[in-house]
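These are the residues of each chain, in order.
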Amino acid sequence: MTISASARRQIIEDVYQDALVLADEARAAFDSRSGAGAIDLDEAAKVAFSIEGLRTTTRLMHLLAWLLNQRAFLDGELSEAQVRKNGRLPEERPALPGMVRRLDAHTQDIVRQSVHLYQRVERLDRDWNAPSRDSASPVGAMQGRLQQAFAG
């Protein structure tokens, strides 16, 4: 997918803002249950809360790290090779439906939003790192030019 640097930067900034807001909401939701409210939960709900809290916050931290790497690349602080080698989004560890169902509706919504945002960034990562026809190997580019020169 070929897009301008300014369009890419705008996408990164928009998703970054969404991720920050969601990370703050997740922190608030999962912190609110670790204090006195946690006493109201049964053991299975406490386990579900802990598991999905960790999965959700890890998912959001992976998103934020990927977005910060993209910002660094756009600012010239990382090379394209560095971003391709070390800046890829890790494979998703999806939420566990059986665990998520044990959470309150608001927290379930935060988990779902984090999954959707992760899927959105996975698409960006995949599309932006897919080899394009323009970035073919030098030999392939030369062969293409030779074919065009002798085609007519």
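Structure: above.
Reference entry: report on the structure contained in this document. Keep in mind it's a predicted model, so treat the numbers as computed, not measured.

As for the pattern of salt bridges
Once the charged atoms of two side chains with opposite charge are near each other, the side chains can pair. Using the criterion set out here, one finds 10 salt bridges in the structure. When the shortest N-O distance is used, the salt bridge between E43 and K46 registers 3.7 Å. A residue pair is termed a helical-turn pair when its members lie 3 or 4 positions apart in one helix, as E43 and K46 do in helix α2 (residues 43–74) at three residues. Here K46 falls in the partly exposed class, since its relative accessible area comes to 29%. A salt bridge links D125 to R88, with the shortest nitrogen-to-oxygen separation between them at 3.2 Å. Here the residue D125 occupies a position in helix α5 (residues 105–129), and R88 occupies one in the loop between α3 (80–86) and α4 (97–100), the gap between them amounting to 37 residues. Overall, D125 belongs to the buried group, its relative accessible area being 4%.

Some words on the nonpolar core
Core analysis: the largest hydrophobic core is formed by 29 residues, its most contacted members being L63, W66 and L67. At the level of elements, α1 (5–32), α2 and α5 are the ones that each hand at least two residues to this core. With nine residues, α1 is the largest single contributor of residues to this core. Every residue in contact with W66, bar those within four places of it in the chain, is listed here: I12, G87, R88, L89, V121, L124, D125 and W128.

Some remarks on the packing of aromatic side chains
For the structure shown, the criterion picks out two aromatic pairs. Between F30 and F49, the ring centres sit 5.0 Å apart and the planes meet at 55 degrees, which makes this aromatic pair tilted. With F30 in helix α1 and F49 in helix α2, this pair connects stretches of sequence that are 19 residues apart. By the burial criterion, F30 is buried, and F49 matches it. Measuring from ring centre to ring centre gives 6.1 Å for W66 and W128, while their planes differ by 20 degrees; the resulting arrangement is stacked. With W66 in helix α2 and W128 in helix α5, this pair connects stretches of sequence that are 62 residues apart. Neither residue differs from the other here; W66 and W128 are each classed as buried. Positioned over the ring face of Y16 is R71, at 4.1 Å from the centre of the ring.

With respect to the side chain of S114
In this structure, S114 sits in helix α5. With a relative accessible area of 0%, S114 lands in the buried category. Discounting residues that sit within four places of it in the chain, S114 has contacts with L22, T56, R59, L60 and L63.

Calculation rules
Residues numbered from 1 in each chain as written. Predicted model: local features only at pLDDT ≥ 70, side-chain atom pairs only at ≥ 80, totals over all residues. Heavy atoms only, no water. Salt bridge = Lys/Arg side-chain N within 4 Å of Asp/Glu carboxyl O. Helix = DSSP H or I, 4+ residues; strand = E, 2+ residues; numbered from the N terminus. Buried < 20%, exposed > 50% of the residue type's maximum accessible area, 1.4 Å probe, protein only. Core = buried A, V, L, I, M, F, W, Y, C linked by side-chain atoms within 4.5 Å. Contact = heavy atoms within 4.5 Å. Phe/Tyr/Trp six-rings, centres within 6.5 Å; stacked < 30°, edge-to-face > 60°. Lys NZ or Arg CZ within 6 Å of the ring centre and 35° of its normal.

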